[in-house]
Amino acid sequence: MLDVNIVGSGPNGLAAAVVFARAGLSVRVTERAETAGGGLRTEQLTLPGYRHDSCSAVHPAALASPFFRAFELTARVPFVVPDVSYAHPLGGGRAAIAYRDLDRTAEGLGRGGRAWARLFQPLVTRLEGIVSFTGNQLLRWPDDPLAVLRYGADVLELGTALGRARLRGADAAALFAGVAAHVAGRQPSLAAAGAGLLLAAHAHAGGWGYPLEGSQAIADALVDDLTAHGGSLLLGTEVHSIGELEPARVTMLDTSPAFLASFASRSLPVRYRRALEGYRYGSGVAKVDFALSGPVPWANPEVALAPTVHLGGSRAEVAAAEREVSRGRVGEHPFVLVTQPSVLDDSRAPAGHHVLWAYTHVPRGSNTDMTDAVVRRIEGFAPGFRDTILASASLTAQGMAEHDPNFVGGDILGGEVTVRQLVRRPVVSRRPWQTPVPGLYLCSASTPPGPAVHGMNGWYAATLALRDEFGITVPPSLAP
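Below, the structure is looked at part by part. These numbers come from a predicted model, not from an experiment.

Take the sheet that holds strand S9 (residues 232–234) next. Across the sheet, five strands lie side by side as S9-S2-S1-S10-S16; this open sheet has parallel pairing. Two strands lie at the open edges of the sheet, namely S9 and strand S16 (440–442), each paired on one side alone. On average, each strand axis in the sheet is tilted by 20° relative to the strand beside it, whichever way the strands run. Here strand S1 (residues 2–7) runs beside strand S2 (residues 27–30); their pairing, made up of four bridges, is parallel. Residue pairing in the sheet places Val 4 in a bridge with Val 27 of S2. Sheet strands in contact with helix H19 (residues 456–470) are S1, strand S10 (248–253) and S16, and its direction is about 160° off that of S10.

Put into structure tokens, the structure is as follows:
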């Protein structure tokens, strides 16, 4: 009999597995796909020699994560942290640039620069306290109340119409709208403002790091540590119910709440099952990967220095694009999030060539191929881009869900990101990772602290199970 079964090898499932294995327990991770990693896979999607991240690509949360710091991720996986965190092209060859250097960013934002610096300097200074609070379930007293109060006040202001007065300059307003659009949904909103503030603060603090050779390197480091401490990984095996797994004292699911409701349907109390069935999923994404014959010919050359680029135009244009998606439509001018990792990592494409990753928000479950729309959007800020395309690979929102069932309807964030669902994720509880079924836990992005590659969902679920199921009160060391 095993000590622990884990279903799903995404970053949270692997993080939990590492914790259990380090505690000396027998652990098996079962994964539907032929490779481990979930959203951390890096694959040849277009042409031989061009390596694309199949989902996540940039990892500010990994660099700031207490789990990955204890794991000493950067000692295991080489990261590059660029001077330019992200860029936001505008009309006429202009662009707003978010540098790691806050003062340099403010200087380049013209009349909006002073307000940008006033907004972010206190957040950067007290970022650790903010991350400590937002990186857990929210029904608790913060370790740094002053930092959280400041952050909360900024969220309330920028998440409402009041934010228009806070960031008056067109460049600064567009720069913030783009980073806030990492969370799909209407703008302004409290959830988008909260995510935008946190991501932008990371951009000016530790930076937005990229693992060399792709996101798969993070998954591989976790798998290597798991197997080095006696754990095992079973690939290419899909499970539907607990009876298909070897008996274990603990079963942990790095899956959607919908899967949990089906997996343990006979054992779940009616009220809990109804809560899972009422859990809301967000908009989908449609993704396109490109193999390119050369660098993207951005109208503003500084954009070529940014591994992450937000294409949406002005604040009003970004808001209009996101509003269309929230109404169940695909707009004519969508917001497109682009990463060009090969500007930092020449292992991703043949010499002189590049890869480009792009997604846009679409209605959940959409089967619309967004390749042409994405190409047109990039062409608007990089004339001649079309001529550099050697090959492309496209996934609709429905295709994303088929590629990874955790992406319900193409929602890559594990559920709608709203204030309500950051508290109710997937239920309102001080111990939301623990289900009413003895020994059964949920550790995916559908639990606190929500989406991003930080491993904290798996860490919280695993340390809770260690204490309650095995009587282990001191978590194991994660150092190499």
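Now that the structure has been shown, we can carry on.
Both trends apply: most residues other than glycine have a negative phi, and most peptide bonds are in trans. A cis geometry characterises the amide bond from Gln 187 onward to Pro 188, with omega recorded as 0°. Turning to its location among the elements, Pro 188 is positioned in the loop between helix H10 (170–180) and helix H11 (190–204). Note that the residue after Pro 448, namely Pro 449, is joined by a cis bond; omega there is 5°. Tracing the backbone through its elements, the reader meets Pro 449 in the loop between S16 and H19. The backbone of Glu 72 shows a phi angle near 55°, a positive value even though the residue is not glycine. Relative to the assigned elements, Glu 72 resides in the loop between helix H3 (66–71) and helix H4 (73–76).

With that settled, consider the pattern of salt bridges. Counted by the stated rule, this structure contains 18 salt bridges. Among the salt bridges present, the one from Arg 41 reaches Glu 31, with a minimum N-O distance of 3.1 Å. Of this pair, Arg 41 sits in the loop between S2 and strand S3 (42–43) while Glu 31 sits in the loop between S2 and S3, and the two are 10 residues apart along the sequence. Each member of the pair, Arg 41 together with Glu 31, is buried. Within this structure, Arg 150, Asp 154, Glu 157 and Arg 166 form a network of salt bridges that share partners.

Attention now goes to the environment of Ser 9. Examined against the element boundaries, Ser 9 turns out to sit in the loop between S1 and helix H1 (11–22). Taking relative accessible area as the criterion, Ser 9 reaches 1% and is therefore assigned buried. With 26 residues separating them in the primary sequence, Ser 9 and Thr 35 have C-alpha atoms 8.8 Å apart. Beyond its immediate sequence surroundings of up to four residues, Ser 9 is in contact with Leu 14, Val 29, Glu 31, Thr 35, Ala 36, Gly 37, Gly 38, Leu 233 and Asp 254. A distance of 2.7 Å separates polar atoms of two side chains, one belonging to Ser 9 and the other to Glu 31.

Taken N-terminus to C-terminus, the directions of helix H7 (residues 127–134) and helix H8 (residues 145–158) make an angle of 80°; their axes are 8 Å apart at the nearest point. In terms of their interaxial angle, H7 and H8 are classed as roughly perpendicular. Across the interface between the two elements, Gly 129, Ile 130, Phe 133 and Thr 134 from H7 touch Ala 147, Val 148 and Tyr 151 from H8. Counted by class, the contact of H7 with H8 contains five nonpolar, two polar and no charged residues.

One finds Ile 6, Phe 20, Phe 67, Phe 68 and Met 252 to be the most contacted residues of the largest nonpolar core, which totals 46 residues. Elements supplying a minimum of two residues to this core: S1, H1, S2, helix H2 (60–64), H3, helix H12 (216–228), S10 and H19. Per-element accounting of this core gives the leading share, nine residues, to H19. Beyond its immediate stretch of four places on either side in the chain, Met 252 contacts Asn 5, Ile 6, Val 7, Ala 16, Phe 20, Tyr 441, Cys 443, Ala 461, Ala 462 and Ala 465. Counting residues in hydrophobic clusters, the runner-up holds 36 residues, among them Ala 96, Ala 115, Leu 119 and Val 179.

With that out of the way, let us pick up the side chain of Asp 345. Here Asp 345 is to be found in the loop between strand S13 (336–339) and strand S14 (354–362). Arg 348 is the oppositely charged side chain nearest to the buried, salt-bridge-free Asp 345, at an N-O distance of 4.3 Å. Here the side chain of Asp 345 touches Glu 213 through a polar contact of 2.5 Å, landing on its backbone nitrogen. When residues no more than four places from it in sequence are discounted, the contact partners of Asp 345 are Pro 211, Leu 212, Glu 213 and Gly 214.

Another point: helix H15 (residues 315–326). Since the α-helix turns once every 3.6 residues, residues separated by three or four places project in the same direction. Across its 12 residues, H15 extends 17 Å between first and last C-alpha, which sits within 8% of the 16 Å expected from 1.5 Å per residue. If you check which residues of H15 are buried, you get Val 318, Ala 319, Ala 321, Glu 322 and Val 325. Relative to the axis of H15, the buried residues are bounded by an arc of 160° and lie together on one face. Close packing links the buried residues of H15 with strand S6 (84–89), H10 and S14.

With that out of the way, let us pick up the pairing of S14. A large share of S14 lies buried, amounting to nine of its nine residues. Where burial is concerned, the two faces of S14 agree: the one with His 354, Leu 356, Ala 358, Thr 360 and Val 362 and the one with Val 355, Trp 357, Tyr 359 and His 361 are both buried. Of the strand pairs in this sheet, S13 and S14 are connected by four bridges, and their pairing is antiparallel. Among the inter-strand pairings, Thr 339 is bridged to a residue of S14, identified as Trp 357.

This part covers a nonpolar patch on the surface. Side chains of Leu 139, Val 423 and Val 428 sit close together on the surface and give an oily, nonpolar patch of about 220 Å² of accessible area. By the element assignment, Val 428 lies in the loop between helix H18 (419–423) and S16. Look at Val 428 and you get exposed, because its relative accessible area is 57%.

The rules we used
- Position labels on residues start from 1 in each chain and follow its written sequence.
- Reporting of local features is limited, given that this is a predicted model, to residues whose pLDDT is at least 70; pairs of side-chain atoms are given and counted only at 80 or more, and all residues count toward the totals for whole chains, interfaces and linings.
- Note that the side-chain values use all heavy atoms of the structure and ignore hydrogens as well as water.
- Following DSSP output, two strands are said to pair if at least two bridges run between them.
- Under the scheme used here, helices are H or I runs from DSSP no shorter than 4 residues and strands are E runs no shorter than 2 residues, and both carry numbers assigned from the N terminus.
- To define axes, lines are fitted to C-alpha atoms, for helices over the stretch in contact only, and angles between the resulting N-to-C directions are given on a 0 to 180 degree scale.
- Note on contacts: a residue pair is in contact if any heavy atoms of the two residues lie within 4.5 Å.
- Any Lys or Arg side-chain nitrogen located within 4 Å of an Asp or Glu carboxyl oxygen qualifies as a salt bridge.
- Each residue is assigned to one of three classes by its accessible area relative to the maximum for its type, calculated with a 1.4 Å probe on protein chains only: buried under 20%, partly exposed between the two thresholds, exposed over 50%.
- Polar contact is defined as a pair of N or O atoms within 3.5 Å, subject to the rule that within protein one atom must be able to donate a hydrogen and the other to accept it, and that residues adjacent in sequence are counted only when both atoms are side-chain atoms.
- For classification purposes, angles smaller than 35 degrees are called roughly parallel, those larger than 145 roughly antiparallel, those between 65 and 115 roughly perpendicular, and all remaining angles oblique.
- When residues are grouped by polarity, Ala, Val, Leu, Ile, Met, Phe, Trp, Tyr, Cys and Pro land in nonpolar, Asp, Glu, Lys and Arg in charged, and all others, Gly among them, in polar.
- Take the buried Ala, Val, Leu, Ile, Met, Phe, Trp, Tyr and Cys residues and link them wherever side-chain atoms come within 4.5 Å; each set so joined is a nonpolar core.
- Residues counted as positive are Lys and Arg, residues counted as negative are Asp and Glu, and His and the chain ends are not counted.
- Working rule for helices: expected span equals 1.5 Å times residues minus one.
- To obtain the arc, one takes the directions from the helix axis to the C-beta atoms.
- In this scheme, patches are assembled from residues that exceed 30% relative accessible area and form no salt bridge. Like charges are connected within 9 Å, while nonpolar side chains (Val, Leu, Ile, Met, Phe, Trp, Tyr) are connected within 5 Å.
- Residue burial considers only the protein chains on display, and all accessible areas are found by Shrake-Rupley using a 1.4 Å probe.

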